[in-house]
Amino acid sequence: MKKTLIKNGRLIDPSQGIDGAFDLLISGDKIAQVAPQGRTSAADAEIIDAKGMVVSPGFIDMHTHLREPGFEYKETIASGTAAAVSGGFTSVCCMANTDPVNDNASVTDYINRKAHDSGFCRVYPIGAVTKGLKGEELASIAELKTSGCVAISDDGNTLQDGNMMRLALSYAKGFDLPVITHSMDKSLSENGHMNESFMSTKLGIKGIPNAAEDIMIARDIMLAELTGAHVHVAHLSTRQGIRLVKEAKQRGIKVTCEVTPHHFTLTDASLSDYNTNFKMSPPLRSADDVRAIKEALSEKNIFDAIATDHAPHGIIDKEIEFDKAASGIIGLETALPLALALVRDGVLGLDEMIRLFTMGPAGVLGLSGGTLKEGAAADITIFDPDHAWVLDRRRIVSKSKNSPFIDMPLKGRAIKTIVSGKLVFDAMRGQTGVHS
Ligand code: DOR
Ligand code: ZN
């Protein structure tokens, strides 16, 4: 069996409370040993020298749009997972808003097959809550579970009907699936294209008030309490939303949440020149909301995951009038440096940042990854926290280039990404082989 020894790195694994000078031995596709530096002997092992690097459980992105089937001009499972591994992710969970929508087993099977044949990392499909994401009729939740979906979500859309949401939660509970919500009350957000603020008035763009998000978060917390189901709030962006989730957690309600790198990095002030690469849903919020997100990250145990909401769009979707442009930005290749900026600013400890990329999302979705425990699958991210680089549009791996961070100086990047013991990305060489 092939052996690889990763030595001289700083190994951080929040699932075992490890942060220190540890070596890691991989045997085949599993983690064989984690031991203090120099104590692991394997004469026949290939050596990876991780001096100056951090060795972490492989990152899991619980919110990715891979766009296949249906929107292959924006992204494919091959190109999206290539972007993922180059950003340090060993697993991505792909949202259901494809064409056809992933609301039945045939679409889930298709995604699984494509991921097996052309994916660079693990792909966990997320099924739809309602057929066609239309909010009218429940999808075949049992079928989605059986074919391998790890959660259900109408992400990109919000299920407006409270009774339908109650039903969905009851079913999902029976199948032990979390329901991931895109919290937005459409009667309040209708025709809005950015955060409602002084900025939206100044720019003449109709705004979306925080209340549109907060009201739906409140509703879904109440329904989680009523049904006993697990609600996961996607891309939480408001101060009041954070308060609601925090209180619900304190009351023992099964609610979890994620934050995106763009929502903790940028504010609606970035929209001053109508650049559609700053348009996403939920929109970039105020400086006070960003402050609240950072406070919550520092406090710990409010956010369960950092998730990218990687949402590739082509030029025809984005290089048009602001109110007609699609919402969303790519995020897989910039998540790590943006999170590391919070570490450098003292908002987060490095171990906490890694928790939010690994055991946090694994815990939300009940995945077995996110750990370097002996016997676990050898999914590993080796990153250089200090590597300075600039996001060059021409070097973006994702098929789409809709990033607000183009030309921005960044610090920190993945150097090697390993899935099931196999090197799938090497910063010196690019993608080095599909994971299958
Ligand atoms: O900005 C977004 N874009 N938010 C979503 O929730 C959906 C996504 C998309 O699919 O483009
Ligand atoms: Zn999304």
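Each value, and the rule that gives it
Residues numbered from 1 in each chain as written. Chains lettered and ligands numbered in written order. Predicted model: local features only at pLDDT ≥ 70, side-chain atom pairs only at ≥ 80, totals over all residues. Heavy atoms only, no water. 1 Å grid on protein atoms, 1.4 Å probe; cavity = no way out; pocket = protein on both sides within 12 Å on 5 of 7 lines; lining within 4 Å. Points joined across faces, edges and corners; volume = space filled by probe spheres on them. Helix = DSSP H or I, 4+ residues; strand = E, 2+ residues; numbered from the N terminus. Nonpolar A, V, L, I, M, F, W, Y, C, P; charged D, E, K, R; others polar. Pairing = 2+ DSSP bridges. Contact = heavy atoms within 4.5 Å. Axes fitted to C-alpha atoms, helices over the stretch in contact; angles between N-to-C directions. Polar contact = N/O pair within 3.5 Å; in protein donor to acceptor, adjacent residues only side chain to side chain. Donors = N, O, S within 2.8 Å, 3.2 Å for Na, K, Ca; no water. Buried < 20%, exposed > 50% of the residue type's maximum accessible area, 1.4 Å probe, protein only. Phe/Tyr/Trp six-rings, centres within 6.5 Å; stacked < 30°, edge-to-face > 60°. Lys NZ or Arg CZ within 6 Å of the ring centre and 35° of its normal. Salt bridge = Lys/Arg side-chain N within 4 Å of Asp/Glu carboxyl O.

A. View of empty space enclosed by the protein. Within the structure shown, the criterion is met by three cavities of 30 Å³ or more. In this model, the largest cavity occupies a volume close to 70 Å³. Lining of the largest cavity is provided by Val129, Asp154, Asn157, Thr158, Leu159, Met165, Val179, Ile180, Thr181, His182, Arg219 and Asp220. Those elements giving two or more residues to the lining of the largest cavity turn out to be β11 (179-181) and α7 (210-227). When residues in the lining of the largest cavity are grouped by element, the largest group, three residues, is from β11. By residue class, the composition of the lining of the largest cavity is five nonpolar, four polar and three charged.

B. Examining the sheet that holds strand β15 (residues 255-259) more closely. Across the sheet, which stays open at both edges, the five strands sit in the order β10-β11-β14-β15-β16 with parallel pairing between neighbours. If you trace the sheet from one side to the other, it starts and ends with β10 (152-153) and β16 (305-306), each paired once. Pairing between strand β14 (residues 231-233) and β15: three bridges, direction parallel. Bridge assignment links histidine 232 to a residue of β15, and that residue is threonine 256. The sheet strands contacting helix α4 (residues 162-174) are β10, β11 and β14, and the helix crosses β11 at an angle near 145 degrees.

C. Layout of the side chain of aspartate 304. Secondary-structure assignment places aspartate 304 in the loop between α10 (287-299) and β16. In this structure the side chain of aspartate 304 is engaged in a polar contact, spanning 2.8 Å, whose partner is the side chain of lysine 249.

D. Geometry of the coordination of the zinc ion (ligand 2). In the first shell of the zinc ion (ligand 2), the protein supplies His63 (NE2), His65 (NE2), Asp155 (OD) and Asp309 (OD), at 2.0 to 2.2 Å from the metal. As a motif over one chain, the donors of the zinc ion (ligand 2) read H-x1-H-x89-D-x153-D. One end of the pair, aspartate 155, is in the loop between β10 and α4; the other, aspartate 309, is in the loop between β16 and α11 (315-318), and 154 residues separate them in sequence. Of the two residues examined, aspartate 155 and aspartate 309, each falls in the buried class.

E. The pairing of strand β19 (residues 422-426), seen in detail. By the bridge criterion, four bridges tie strand β18 (residues 409-419) to β19 in an arrangement that is antiparallel. Its bridge partner lying in β19, lysine 416 is registered against aspartate 426. Linking two consecutive strands that pair antiparallel, namely β18 and β19, is a turn of two residues; a positive phi of about 50 degrees is found at serine 420 within it. Both β19 and strand β20 (residues 430-431) contribute to a ladder of two bridges, which runs antiparallel. Paired with aspartate 426 across the strands is glycine 430, a residue of β20. The hairpin turn running from β19 into β20, its antiparallel successor, is three residues long.

F. Representation of helix α13 (residues 350-357) within the structure. For α13, a buried count of seven out of eight residues is recorded, marking the element as mostly surrounded by other parts of the structure. Residues Leu350, Glu352, Met353, Ile354, Arg355, Leu356 and Phe357 constitute the buried set of α13.

G. Seen up close, the packing of aromatic side chains. Under the defined criterion, the tally for this structure stands at four aromatic pairs. Ring plane angle 10 degrees and centroid distance 4.6 Å describe the contact between phenylalanine 59 and phenylalanine 357, whose orientation is recorded as stacked. With a gap of 298 residues between them, phenylalanine 59 in strand β7 (residues 59-64) and phenylalanine 357 in helix α13 connect regions that are remote in the sequence. This pair shows no difference in class: phenylalanine 59 is buried, exactly as phenylalanine 357 is. Each member of the aromatic cluster is reached from another via a ring pair, and the members are Phe59, Phe89, Phe357 and Phe383. The positively charged end of lysine 74 is found above the aromatic ring belonging to phenylalanine 71, 5.5 Å away from the centroid.

H. View of the pattern of salt bridges. Applying the stated criterion across every chain, the model contains 22 salt bridges. The closest approach of N and O atoms between glutamate 68 and lysine 114, which form a salt bridge, is 3.0 Å. Of the two residues, glutamate 68 is situated in the loop between β7 and α1 (77-86) and lysine 114 in helix α2 (residues 105-118); the sequence distance between them amounts to 46 residues. Judged by its relative accessible area of 5%, glutamate 68 falls in the buried class. Here aspartate 426 makes a salt bridge to arginine 429, at a shortest N to O gap of 3.6 Å.

I. Seen up close, the layout of surface pockets. The computed volume of the largest pocket comes to approximately 670 Å³. Along its surface, the largest pocket is lined by 35 residues, and Gly156, Asn157, His182, Ser281 and Ser327 are the ones closest to its centre. Per-class residue counts for the lining of the largest pocket are ten nonpolar, 16 polar and nine charged. Estimated volume of the second largest pocket: approximately 370 Å³. Around the second largest pocket sit 21 residues that line it, and Glu333, Trp389, Arg395, Val397 and Arg413 are the ones nearest its centre. When residues of the lining of the second largest pocket are assigned to their parent elements, the largest contribution, three residues, is made by β18.

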